[in-house]
Amino acid sequence: MDDHEIISRIGGLADEERRLEEQHVGDGLSPDETERLKAIEVTLDQLWDLLRQRRALRGAGRDPDQAGIRPEGTVEEYRQ
């Protein structure tokens, strides 16, 4: 997956996340929607991490294709 594909996926997931949140303002999400929202958030974190890895590798003169998606436990434990 190249940078353009990653950015495109991030945009699509961010749009879906926004729709889910906006559709249920004041009502709350169903359990399925809550689960989907959590999955979106994790995937977004993984994709942003992948994009940062690719940019760092490229900046260091290395092959950005060496970057890989890290597990949920890794990206969710980063300090903000």
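Above this text sits the structure in question.
Let me sum up the structure you'll find in this document.

Reading the values: rules and limits
- Residues numbered from 1 in each chain as written.
- Predicted model: local features only at pLDDT ≥ 70, side-chain atom pairs only at ≥ 80, totals over all residues.
- Heavy atoms only, no water.
- Patch = residues over 30% accessible without salt bridge, like charges linked within 9 Å, V, L, I, M, F, W, Y side chains within 5 Å.
- Areas by Shrake-Rupley, 256 points an atom, 1.4 Å probe, with all protein chains shown as cover.
- Salt bridge = Lys/Arg side-chain N within 4 Å of Asp/Glu carboxyl O.
- Lys, Arg positive; Asp, Glu negative; His and termini not counted.
- Charge placed at Lys NZ, Arg CZ, Asp CG, Glu CD.
- Helix = DSSP H or I, 4+ residues; strand = E, 2+ residues; numbered from the N terminus.
- Expected span 1.5 Å × (residues − 1).
- Polar contact = N/O pair within 3.5 Å; in protein donor to acceptor, adjacent residues only side chain to side chain.
- Core = buried A, V, L, I, M, F, W, Y, C linked by side-chain atoms within 4.5 Å.
- Buried < 20%, exposed > 50% of the residue type's maximum accessible area, 1.4 Å probe, protein only.
- Contact = heavy atoms within 4.5 Å.

**So, a negative patch on the surface**
Now for step 1: Side chains of Glu21, Glu22, Glu41 and Asp45 sit close together on the surface and give a patch of like negative charge.
Now for step 2: Those elements that provide at least two residues to the negative patch are helix H1 (3-23) and helix H2 (31-59).

**A closer look at H1**
An α-helix turns once every 3.6 residues. As a result, residues three or four positions apart point the same way.
Now for step 1: The end-to-end C-alpha distance of H1 is 30 Å, a good match for the 30 Å that 21 residues give at a rise of 1.5 Å each.
Now for step 2: Measuring from the backbone nitrogen of His4 back to the side-chain oxygen at the start of H1 gives 3.1 Å, which picks out Asp2 as the cap.

**Points about the nonpolar core**
Now for step 1: Among the nonpolar cores identified, the biggest contains 12 residues, and these are Ile6, Ile10, Leu13, Leu20, Leu37, Ile40, Leu44, Leu47, Leu50, Leu51, Leu57 and Ala67.
Now for step 2: Of all the secondary structure elements, the ones that give two or more residues to this core are H1 and H2.
Now for step 3: For this core, the element with the most residues is H2, which contributes seven residues.
Now for step 4: Not counting residues up to four positions away in its chain, the partners in contact with Ile6 are Met1, Leu47, Leu50, Leu51 and Arg54.

Any functional reading would require information that these geometric values do not contain.
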